[in-house]
Amino acid sequence: VRKMFDCFGLDPFIAVPSQDAPDADFPTVSFPNPEEGAGVWTEAFKVADARGVDVCIANDPDADRFCCAERSEGGSGSGWRIFSGNDLGIMLADWIYTNWRANGKGEGQEK
């Protein structure tokens, strides 16, 4: 993740110190899946609030699950909108389609 942030010229990645090093016992969460509810975000939101960060990303220990959250005024009352895998999938599909169309692809193929 740090390398990705560097490659894209983003602000430096801020890790959650209590969750940065791999630990098979997952001492900071009851279940290590970032899609399994707000409880898994507690530590990340504490760091984000302290550092003024508006977007959090998380993955599980073997990196086959990914989730993100954005600071939000509405929603669950936590001040954060957690995006499901389905939410992220449709956002990615929209981005791909929008860029495909912007590059002149698909012209004359509408039905």
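Being a predicted model, the structure only gives us computed values, none of them experimental. (Residues numbered from 1 in each chain as written. Predicted model: local features only at pLDDT ≥ 70, side-chain atom pairs only at ≥ 80, totals over all residues. Heavy atoms only, no water.)

Trainee: Would you mind going over the sheet that holds strand E1 (residues 55–59) in detail, with residue names and values included?
Mentor: Across the sheet, which stays open at both edges, the three strands sit in the order E1-E2-E3 with antiparallel pairing between neighbours. Since the sheet does not close on itself, it has two edges, and those belong to E1 and strand E3 (80–83), each with one partner. Across the sheet, the mean angle separating the axes of adjacent strands is 20 degrees when strand polarity is ignored. Judged from the four bridges that link them, strand E2 (residues 66–71) and E3 form a sheet pairing that is antiparallel. Note that in E3 the partner of Cys68 across the bridge is Phe83. Strand contacts of helix H2 (residues 42–51): E1, E2 and E3, with the helix running at about 135 degrees to E3, the strand carrying the most contacts. Relative to the sheet, helix H3 (residues 85–102) contacts E2 and E3, its axis offset from that of E3 by approximately 80 degrees. (Pairing = 2+ DSSP bridges. Helix = DSSP H or I, 4+ residues; strand = E, 2+ residues; numbered from the N terminus. Axes fitted to C-alpha atoms, helices over the stretch in contact; angles between N-to-C directions. Contact = heavy atoms within 4.5 Å.)

Trainee: Summarise the nonpolar core; cite the residues concerned and give the values.
Mentor: In this structure, Trp41, Ala44, Phe45, Cys56, Ala69 and Trp80 are the most contacted members of the largest nonpolar core, which totals 13 residues. If sequence neighbours within four positions are ignored, Ala69 has contacts with Trp41, Phe45, Asp54, Val55, Cys56, Trp80, Arg81, Ile82 and Phe83. (Core = buried A, V, L, I, M, F, W, Y, C linked by side-chain atoms within 4.5 Å. Buried < 20%, exposed > 50% of the residue type's maximum accessible area, 1.4 Å probe, protein only.)

Trainee: Summarise the pattern of salt bridges; cite the residues concerned and give the values.
Mentor: Taken as a whole, this structure holds five salt bridges when the rule is applied. Arg2 is the salt-bridge partner of Asp20, the closest N and O atoms lying 3.1 Å from each other. In this pair, Asp20 sits in the loop between helix H1 (2–7) and H2 while Arg2 sits in helix H1, placing the two residues 18 residues apart along the sequence. Classification of Arg2 as partly exposed rests on a relative accessible area of 44%. Between Lys46 and Glu43 there is a salt bridge, with its nearest N and O atoms 3.5 Å apart. Here Glu43 and Lys46 lie together in helix H2, a separation of three residues that amounts to about one turn. On the basis of relative accessibility, which here comes to 23%, the residue Glu43 falls in the partly exposed class. It is possible to trace a salt-bridge network through shared partners that takes in Asp49, Asp54 and Arg71. (Salt bridge = Lys/Arg side-chain N within 4 Å of Asp/Glu carboxyl O.)

Trainee: Run through H2, naming residues and quoting values.
Mentor: Within H2, the full set of buried residues consists of Ala44, Phe45, Val47 and Ala48. Viewed end-on, H2 has its buried residues packed into an arc of 160 degrees, placing them on one side of the element. In H2, the exposed positions that point more than 90 degrees away from the buried face belong to Lys46 and Ala50. Looking at the buried positions of H2, the neighbouring elements they touch are E1, E2 and E3. Two residues or fewer past H2, Gly52 is found with a positive phi of approximately 70 degrees. (Arc of directions from axis to C-beta.)

Treat this as a map of the structure, not an account of what it does.
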